[in-house]
Amino acid sequence: MENYYEQAQKGAWVSILSYIFLSTCKLIIAGVTASSALKADGLNNVTDIIASIAVLVGLKISKKPRDNDHPYGHSRAEHISSLIASFIMMVIGLEVLVDAGQSLFMDKSEAPNLLAAWVGLGAAAVMGGVYRYNIKLAKKLDSQSLYAVAKDNLSDALVSIGAVVGIFGSQFGLPWLDVVAAFAVGIIICKTAIEIFKEAAHSLTDGFDEEKLGHYKESIELVEGVKEVEDVKARKLGNQVVIDVTVKVDPHLNVIKSHEIADQIEHIMNDEHQIKDTLVHIEPDAYEKQK
């Protein structure tokens, strides 16, 4: 588990350092070149720094061991950090939209310098690389917070490309395209924030993939001695899945045999689905009892 948190934090640090560098470059060049789109992109990266720090803090809290008032540990701090990151992104996204909306009513007759476009293009390439690194790490660790970071990385790459399109378009006598690109950046930021919020809220309210629950049930039904799988419930704590299972068995079985069936279920969930925490409740099968 310690290795999981160390690797996840590494992904968050890669994002933070990349965003610090890119936001600094973009905001400086945006001021020099008078590009609204690059300025919006730079502000987007500033929010990403804060969001990535929130994820990093969440990961550090998550690795704390169980205590008296946290019997399941602190893993859900990961989901909370994703939730906080989505709020931060939404606030800045709305700010960018308001700023772009005001700029549309201003007389902007001069196109921004092409240097802004080249900076945006380079930033898109950098974020594309950071996205590939973090999405690979998120899949390996099955980390929701890193998935959120990776999704943000991808949206940032797309935002930079959108800014570049607006800046290049303004060179052809359409300077307002730079402002339109800034508006598009704001929409993308808000959309990403909503997606991250929905995923984090789903996990925090114990939402779980129904298809996976079906696979778990199929595996349990194959265990010798299980007459019926009455109920399967699961929830996520960080990157770990906790599952509660109720199965019916022959009512004439003794305690030892029933315990062996429960052990088999725990082993099969660990071996086939990498679930280390399975709680099994054994009930007598009413049909077998009547016989």
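Only a predicted model underlies this, so the values are computations on that prediction, with no experimental measurement involved.

A.B. asks: Lay out a nonpolar patch on the surface in plain terms, naming residues and giving numbers.
C.D. replies: Residues Leu154, Leu158, Ile161 and Val165 make up a contiguous nonpolar surface patch of roughly 340 Å² in combined accessible area. Within the secondary structure, Leu154 sits in helix α5 (residues 144–170). The class for Leu154 is partly exposed, based on a relative accessible area of 34%.

A.B. asks: Provide a residue-level description of the nonpolar core, including the pertinent values.
C.D. replies: With 21 residues, the main nonpolar core has Tyr216, Ile220, Ile243, Val247, Ile265 and Met269 as its most contacted residues. Elements with a contribution of two residues or more to this core: α7 (210–221), β1 (228–237), β2 (240–249) and α8 (255–273). Those residues in contact with Ile220, other than ones at most four positions away along the chain, are Val226, Val229, Val232, Val245, Val247, Ile265 and Met269. Counting residues in each nonpolar core, the second largest holds 14 residues, with Ala85, Met89, Ala100 and Val185 among its members.

A.B. asks: Lay out the pairing of strand β3 (residues 277–284) with the relevant residues and their values.
C.D. replies: In summary, the side chains of a regular strand alternate between the two faces of the sheet. Sheet topology places β2 next to β3; eight bridges connect them, and they run parallel. By the bridge assignment, Thr246 is partnered in β3 with His281. With α8 bridging β2 and the parallel β3, this β-α-β connection has right-handed handedness.

A.B. asks: Could you give an account of the environment of Lys212, naming the residues involved and the relevant values?
C.D. replies: Among the structural elements, Lys212 can be located in helix α7. By relative accessible area, which is 39% here, Lys212 ends up partly exposed.

A.B. asks: Describe the pattern of salt bridges, naming the residues involved and giving the relevant values.
C.D. replies: For the coordinates displayed, the defined rule picks out seven salt bridges. Across the pair Lys151 and Glu199 runs a salt bridge whose closest N-O atoms are separated by 2.6 Å. Placement of the pair is Lys151 in helix α5 and Glu199 in helix α6 (residues 176–204), with a sequence separation of 48 residues. Its relative accessible area of 26% is what places Lys151 among the partly exposed residues. Between Lys248 and Glu230 there is a salt bridge, with the nearest N and O atoms lying 3.3 Å from each other. One end of the pair, Lys248, is in strand β2; the other, Glu230, is in strand β1, with 18 residues separating them in the sequence. With relative accessibility at 38%, the residue Glu230 sits in the partly exposed group. Counted as one network, the salt bridges with shared partners bring together Lys151, Lys191, Glu195 and Glu199.

A.B. asks: Requested: an account of α8, with residues and values cited.
C.D. replies: With 19 residues, α8 should cover 27 Å at 1.5 Å per step; its first-to-last C-alpha distance of 27 Å lies within 8% of that length. All of the buried residues along α8 are Ser258, Ile261, Ala262, Ile265, Ile268 and Met269. When α8 is viewed along its axis, its buried side chains cluster within an angular range of 125° and face the same direction. Facing away from the buried side of α8 by over 90 degrees, the exposed positions are Ile256, His267 and Asp271. In the core, the buried residues of α8 are packed alongside α7, β2 and β3.

A.B. asks: Any chance you could break down the packing of aromatic side chains for me, citing the residues and the numbers?
C.D. replies: Tallied over the full model, the rule gives three aromatic pairs. Ring centres of Phe87 and Phe197 lie 5.8 Å apart, and the angle between their planes is 45°; on these two criteria the pair is classed as tilted. You can see Phe87 sitting in helix α3 (residues 77–104) and its partner Phe197 sitting in helix α6, a full 110 residues away along the chain. Exposure remark for Phe87: the relative accessible area of 47% places this residue in the partly exposed category. When its relative accessible area of 35% is taken as the criterion, Phe197 is described as partly exposed. Plain terms: the ring middles of Phe208 and Tyr216 are 6.1 Å apart, the flat faces sit at 45° to each other, and that makes the pair tilted. As far as burial versus exposure is concerned, Phe208 and Tyr216 are alike and both buried.

A.B. asks: Pulling in residues and values, what's your account of the sheet that holds β2?
C.D. replies: Strand order in this open sheet of three strands is β1-β2-β3, and the pairing throughout is mixed. What marks the edges here is a single partner per strand, and that holds for β1 and β3. Across the sheet, the mean angle separating the axes of adjacent strands is 10° when strand polarity is ignored. In the packing of α8 onto the sheet, contacts are made with β2 and β3, and the angle to β3 comes to roughly 145°.

A.B. asks: Please give an account of the domain arrangement of the protein chain that cites residues and values.
C.D. replies: For the protein chain, the domain assignment lists domain 1 (1–205) and domain 2 (210–284). In this structure, domain 1 and domain 2 have C-alpha centres spaced 40 Å apart. Together domain 1 and domain 2 conceal approximately 860 Å² of surface at their shared face, both sides included; 47% is due to carbon and sulfur atoms. Counting across the domain 1 and domain 2 interface gives zero salt bridges. Seen at the junction of domain 1 and domain 2, the total is zero residue pairs in polar contact (both at pLDDT 80 or more). Split by residue class, the side of domain 1 that touches domain 2 holds four nonpolar, three polar and four charged.

About the thresholds
Residues numbered from 1 in each chain as written. Predicted model: local features only at pLDDT ≥ 70, side-chain atom pairs only at ≥ 80, totals over all residues. Heavy atoms only, no water. Patch = residues over 30% accessible without salt bridge, like charges linked within 9 Å, V, L, I, M, F, W, Y side chains within 5 Å. Areas by Shrake-Rupley, 256 points an atom, 1.4 Å probe, with all protein chains shown as cover. Salt bridge = Lys/Arg side-chain N within 4 Å of Asp/Glu carboxyl O. Helix = DSSP H or I, 4+ residues; strand = E, 2+ residues; numbered from the N terminus. Buried < 20%, exposed > 50% of the residue type's maximum accessible area, 1.4 Å probe, protein only. Core = buried A, V, L, I, M, F, W, Y, C linked by side-chain atoms within 4.5 Å. Contact = heavy atoms within 4.5 Å. Pairing = 2+ DSSP bridges. Right-handed = clockwise from strand over helix to strand, strands pointing away. Expected span 1.5 Å × (residues − 1). Arc of directions from axis to C-beta. Phe/Tyr/Trp six-rings, centres within 6.5 Å; stacked < 30°, edge-to-face > 60°. Axes fitted to C-alpha atoms, helices over the stretch in contact; angles between N-to-C directions. Domains from an automatic or database assignment. Buried area = accessible area lost by both parts, 1.4 Å probe. Polar contact = N/O pair within 3.5 Å; in protein donor to acceptor, adjacent residues only side chain to side chain. Nonpolar A, V, L, I, M, F, W, Y, C, P; charged D, E, K, R; others polar.

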